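One letter stands for each residue in the lines below.
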Amino acid sequence: MHPALQAVLTIVIGLGGCIGYFWFSNQLFDKVLFPARGPNIGRNIRRAEMIRPWLFLFPAIFALGLYLAYPVVATFWLSLTDRDQGGAFVGLANYQQMLREAKFWEAIRNNMLWLVVVPAASTAFGLLAAQLTDRISWGNIAKSLIFMPMAISFVGASVIWKLVYDFRPIGQEQIGILNAFWVWLGGEPQTWLTITPWNNFLLMVVLIWIQTGFAMVILGAALRGIPEETVEAAIVDGANPFQIFFKIKVPQIRSTIVVVWTTITLVVLKIFDIVLAMTNGQWQTQVLANYMYDKLFRAFDWGVGSAAAMVIMLLVSPILVWNVINARREMR
Amino acid sequence: MEGMAGQKSHLTWAVHISVALLVALWLFPTVGLLVSSFRTAEQISNSGWWSAFSAQKGQLPAIRISGDERQEDGLYVIDGNLFGTAETTLSAWGTSSREPEAYEPDTEVELKDGWVLGVASSGDFRLSAPQSFEGERLPRVFATATTPPEFTLENYGNVLFGTTAGAGVGQAFLNTLTVSIPATVIPILVAAFAAYALAWMEFPGRALLIAAVVALLVVPLQLALIPLLQLHNTIGIGKGYLGVWLAHTGFGLPLAIYLLRNYMVGLPKDIIENARVDGASDFQIFTKIVLPLSFPALASFAIFQFLWTWNDLLVALVFLGTDDDRLVLTARLVNLMGSRGGQWEILATSAFVSIVVPLVVFFAMQKYLVRGLLAGSVK
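Residues numbered from 1 in each chain as written. Chains lettered and ligands numbered in written order. Predicted model: local features only at pLDDT ≥ 70, side-chain atom pairs only at ≥ 80, totals over all residues. Heavy atoms only, no water.

**Observations regarding the UniProt feature "transmembrane region" (unreviewed entry) in chain A**
Residues and elements named next belong to chain A.
In step 1: Under the present numbering, the feature "transmembrane region" (unreviewed entry) in UniProt falls on residues 6–24, 54–78, 112–133, 145–164, 201–223, 257–279 and 299–325.
In step 2: In residues 54–78, the share of helix is 100% and the share of strand is 0%. The end C-alpha atoms are 32 Å apart.
In step 3: End C-alpha atoms of residues 201–223 are separated by 29 Å, and the span's content is 100% helix alongside 0% strand. (UniProt positions renumbered as here; feature names shortened; annotations may be inferred. Helix = DSSP H or I, 4+ residues; strand = E, 2+ residues; numbered from the N terminus.)

Structure, rendered in structure tokens:
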């Protein structure tokens with residue numbers, strides 16, 4: 001069957017199935033199992049009200065459980081087994097093997113570098129852009145354009161930036177803007193993406209370029225939510241614009257800055273496409289997610305690959321816990 | 001804030017200039033790709049894209065002289081123009097690749113066998129000889145010339161419909177569309193029912209479920225790859241579109257439920273209570289009142305999910321496989337970067353084909369996207 005036809009069919013079956021499930025199950029409830037009439041009307045209504053939420057929730061819980069919760073457990077189990085021995089339990093052998101590999105430590109080191117640089121730079125640029133565009137007449141257009149990379153795929157962004165970093169041998173016209181600029185300054189053309197450790201930062205630039213718009217939008221909304229009086233009071237007291245920004249505004253949106261920072265941190269921990277597309281982890285640019293992909297789908301070593309996935313999970317879990325605590329506090 | 005800007009007008013100027021710089025910096029890389037996609041391979045490798053708008057001075061590829069000979073004063077003559085366009089200006093020329101800039105324009109040069117070749121700065125040439133050119137190989141001219149800016153749509157034709165150049169980009173475009181539309185539509189309804197239950201129905205364990213959704217929101221999908229691939233193989237789905245749709249649905253649900261629940265909780269309580277008093281069932285309240293009112297949140301999520309599934313690489317690679325006819329645009333691009341790394345006319349055009357749909361969605365629906373972002377993270 002042609003995939004497009006299959007897609008249309010899937011939409012029809014999927015949507016129809018969902019609607020059918022919800023409608024029929026509710027009908028079954030109200031008309032057959034617990035009708036709101038007859039001798040047991042009170043009991044029936046109470047029972048229906050007790051069970052109905054689960055009717056609404058069942059498809060979602062099923063999908064979440066199967067596609068997100070179960071894999072966490074399954075991956076943990078896989079990380080303790082060896083595929084070559086038919087899935088036999090090998091304890092922590094995979095982790096030990098992973099810890100002995102230089103590539104793993106390279107990935108850890110680079111990931112830590114990414115973790116520090118990208119959220120910091122994106123948040124800083126985002127804050128700057130939000131503050132500056134807030135005051136000017138064409139601010140919304142400027143915001144749109146800075147926000148735009150958000151819509152571009154990591155792979156598309158990699159192509160865009162690979163053109164920026166392009167290298168032509170000395171004597172030829174440089175077609176990458178970075179080398180053109182470098183040569184104009186009097187340098188020799190460089191193959192930027194092979195120069196350790198700077199190539200790591202050049203990869204980070206791509207993600208910063210994408211994430212700054214996100215930071216700007218969120219922080220911009222927070223800045224606009226700051227009570228006017230606090231700013232006005234500061235002006236009356238003779239504060240200069242920089243003092244107002246750093247001493248009055250930034251402290252008031254600190255919690256939003258933390259949210260932005262952690263959201264970008266989550267993206268960074270899973271970063272994969274950019275590294276795969278631009279260097280594929282060569283020249284000391286490996287990161288955890290790409291290391292894991294290498295192990296899973298190139299070396300077919302599911303044990304070590306799963307162990308690497310568990311490391312990513314471990315790095316994410318503080319944010320997970322923090323998010324859950326925050327969400328619970330808000331609900332009270 | 002206005003007071004501040006009014007007081008210090010030099011600062012206002014500084015703000016305008018900094019924003020202009022920032023925007024230029026952010027736009028520059030993308031514009032480079034866009035401009036490159038409209039240039040020929042030669043133009044791209046001869047000069048940076050930023051010089052595409054000005055007249056270019058450069059060495060043209062060798063042009064072999066051709067034309068019909070005629071007789072004039074006892075000489076055999078071929079004349080004509082080297083260039084197709086009138087705006088090209090010759091600054092130097094030569095007849096050997098070793099000395100491509102040997103002669104000035106408007107000079108006549110004697111070649112072998114009494115042949116005389118003259119090239120004017122307009123590109124007009126005149127080749128004469130005492131005997132016929134019949135059966136002879138005519139000379140090549142190496143020209144250094146200034147050509148006007150020129151753009152072409154040829155790359156797009158090649159990439160989308162050609163069979164060799166960017167083979168498979170057109171197919172990949174369809175594949176991506178096939179992946180992302182069902183993967184956007186299916187989770188919405190499932191999530192909406194669950195969100196309603198979590199927002200407006202009372203039952204034990206509700207708080208725990210909400211906490212679980214928040215937790216699953218950040219679980220890296222890297223963990224799901226192998227177990228789910230094994231599961232798909234066991235139940236007979238294997239690698240294919242169905243698997244990708246299911247995976248995207250599963251991975252998109254936490255955000256969908258979270259966004260929709262946050263929105264639904266904020267709907268006015270009176271409307272829902274009143275409907276309950278009037279004897280409406282939860283199913284009716286949901287379909288008749290809550291769902292229509294939640295349209296902005298549904299739109300926000302739909303845009304997120306569409307952008308995410310369209311731009312995704314990892315899920316497609318793992319669950320759809322790497323067969324050539326099944327590659328999505330992102331996977332095709334990664335392949336092209338490997339196999340045609342230097343052919344920027346193909347890479348740039350393919351990349352632009354892949355980002356144009358998200359960009360259109362982005363600019364058309366920005367309002368909902370921003371709203372969704374705010375609801376998703378500031379709460």
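**Focus on unusual backbone geometry**
Residues and elements named next belong to chain A.
In step 1: The amide bond that connects Thr196 to the next residue, Pro197, takes the cis arrangement and shows omega of -5°.
In step 2: Of note, the phi angle at Gln284 is positive, near 60°, even though the residue is not glycine.
In step 3: For Gln284, the position within the fold is in the loop between helix 12 (273–278) and helix 13 (288–297).
In step 4: You can call Gln284 partly exposed: its relative accessible area is 35%.
In step 5: The phi dihedral of Phe300 falls on the positive side, at around 55°, and the residue is not glycine.
In step 6: Looking at the secondary structure, you find Phe300 in the loop between helix 13 and helix 14 (302–331). (Buried < 20%, exposed > 50% of the residue type's maximum accessible area, 1.4 Å probe, protein only.)

**A few points about the confidence of the model for chain A**
In step 1: Taken over all residues, the pLDDT of chain A has a mean of 87, while the share at 70 or more is 98%.
In step 2: The spread of mean pLDDT over the elements of chain A runs between helix 1 (residues 3–33) of chain A, the lowest at 79, and helix 4 (residues 102–133) of chain A, the highest at 93. (pLDDT = per-residue confidence, 0-100.)

**Here's the deal with the packing of aromatic side chains**
In step 1: A full pass over the atoms with the stated rule returns 35 aromatic pairs over all chains.
In step 2: Pairing Phe22(A) with Phe193(B) gives two aromatic rings, centres 3.3 Å apart and planes at 10°, and the pair type is stacked. Taken together, the residues Phe22(A) in helix 1 and Phe193(B) in helix 5 (residues 169–200) connect one chain to another.
In step 3: Classification of Phe22(A) as buried rests on a relative accessible area of 1%.
In step 4: Measuring from centroid to centroid gives 5.1 Å for Trp54(A) and Phe203(B), while their planes differ by 70°, and the two rings are edge-to-face. Within this pair, whereas Trp54(A) is found in helix 2 (residues 41–78), its partner Phe203(B) is found in the loop between helix 5 and helix 6 (206–217), the two belonging to separate chains.
In step 5: Given the relative accessible area of 8%, Phe203(B) is considered buried. (Phe/Tyr/Trp six-rings, centres within 6.5 Å; stacked < 30°, edge-to-face > 60°.)

**Considering the packing of helix 9 (residues 228–236) of chain A against helix 10 (residues 241–252) of chain A**
All names here are of chain A.
In step 1: Packing of helix 9 against helix 10 brings their axes to within 11 Å, and their N-to-C directions diverge by 160°. One way to sum up the angle between helix 9 and helix 10 is to call them roughly antiparallel. As helix 9 packs across helix 10, the resulting crossing turns out to be right-handed. When helix 9 is examined against helix 10, the residues Thr230, Val231, Ala234 and Ile235 are found in contact with a partner set consisting of Ile244, Ile248, Lys249 and Gln252. (Axes fitted to C-alpha atoms, helices over the stretch in contact; angles between N-to-C directions. Parallel < 35°, antiparallel > 145°, perpendicular 65-115°, else oblique. Left-handed = near helix turned anticlockwise from the far one by under 90°. Contact = heavy atoms within 4.5 Å.)

**A look at the UniProt feature "transmembrane region" (unreviewed entry) in chain B**
Residues and elements named next belong to chain B.
In step 1: Within this numbering scheme, the UniProt entry marks residues 13–35, 180–200, 207–229, 241–260, 289–310 and 346–365 as carrying the feature "transmembrane region" (unreviewed entry).
In step 2: From the first C-alpha to the last, residues 180–200 spans 31 Å; its make-up is 100% helix and 0% strand.
In step 3: Counting secondary structure, residues 241–260 comes out at 100% helix and 0% strand; the distance between its end C-alpha atoms is 27 Å.

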